[in-house]
Amino acid sequence: MLNRPPRSVSVPLAALALAMAASVSAQTPAPSSRDGVVPAQSTASPEGDASVRTRLEAESLGYEVDVDGDFRILVGWQQENRSQLTFVSGRTHSLGTGAVREVFSAAARVPAGGFSAEQANLLLRDSQTNVLGAWEIDGDVLFYVIKVYDDADSARLREAVDMAAQTADDMEIQLSGGRDEL
């Protein structure tokens, strides 16, 4: 990760943040449902999962719930005048006797023809250095995805949100030459 000053995670979204989120949302699709992953008991609802809502509110994280039931959280860094839209999935997926929830953030559009070998190596090496999470491509968007057990407490969920946002934004800087598009 880049050496950057401490980040300020969104608190209840102000008018500016809402405007930025609306603008980014139109450009940043959430990943489609993944093939081969079986949803657990929870399914997404327009109101969002109550347990996620409770955990986000316990950490004073502002959010909106999208039509898929995903929680959209705008993470911002005032010192750098940058922001990153991060999602907590409204659905869980079965894993053994437990359930896993995804926290994800878009870093780049995949170029026509895919990433260069140098860029692909950068992504693989970055995935190796991160303790939690990995790079995934869904459609034409590169996402940093963290999969956490759904019984993670509010502090752990916030850590996942912070890490996904920071990692995706850092990679966006590297791949785009510093632009803030996602």
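The text that follows walks through the structure, step by step, so that each part is easy to find. Keep in mind the model is a prediction, meaning the values are calculated, not measured.

1. Section: the overall build of the protein
From N to C terminus, the protein includes 4 helices and 7 strands. Moving toward the C terminus, one meets the helices and strands of the protein in the order β-α-α-β-β-β-β-α-β-β-α. With 182 residues in all, the protein has 46% of them scored as buried. Within the protein, counting contacts between residues at least 6 apart in sequence, those at least 24 apart form 65% of the total. Surface exposure of the protein reaches about 9300 Å², of which carbon and sulfur atoms provide 54%.

2. Description of the environment of Tyr63
Within the secondary structure, Tyr63 is located in the loop between α2 (50–58) and β2 (64–65). Separated by 10 residues in sequence, Tyr63 and Ile73 place their C-alpha atoms 4.7 Å apart.

3. Quick word on unusual backbone geometry
Phi is positive for Ser60, close to 55 degrees, though the residue is something other than glycine. Relative to the helices and strands, Ser60 is located in the loop between α2 and β2. Overall, Ser60 belongs to the partly exposed group, its relative accessible area being 44%. Here the phi dihedral of Asn81 falls at roughly 55 degrees; this positive angle occurs in a residue that is not glycine. With respect to the secondary-structure elements, Asn81 resides in the loop between β3 (71–77) and β4 (82–95).

4. Let's talk about the pairing of β4
If a strand is regular, its side chains alternate between the two faces of the sheet. Burial runs high along β4: 11 of the 14 residues are buried. In this sheet, β4 lies alongside β3 in antiparallel orientation, the contact comprising 7 bridges. Bridging from a neighbouring strand, Ile73 pairs with Thr86 of β4. Connecting the antiparallel pair β3 and β4 is a turn made up of 4 residues, with Asn81 showing a positive phi of about 55 degrees. Relative to strand β5 (residues 98–109), β4 runs antiparallel, the two sharing 7 bridges. Pairing of Leu95 across the sheet is with Gly98, part of β5. Connecting β4 to the next strand, β5, in antiparallel fashion are 2 residues, including Gly96 with a positive phi near 60 degrees.

So, how was this worked out
Residues numbered from 1 in each chain as written. Predicted model: local features only at pLDDT ≥ 70, side-chain atom pairs only at ≥ 80, totals over all residues. Heavy atoms only, no water. Helix = DSSP H or I, 4+ residues; strand = E, 2+ residues; numbered from the N terminus. Buried < 20%, exposed > 50% of the residue type's maximum accessible area, 1.4 Å probe, protein only. Contact = heavy atoms within 4.5 Å. Areas by Shrake-Rupley, 256 points an atom, 1.4 Å probe, with all protein chains shown as cover. Pairing = 2+ DSSP bridges.

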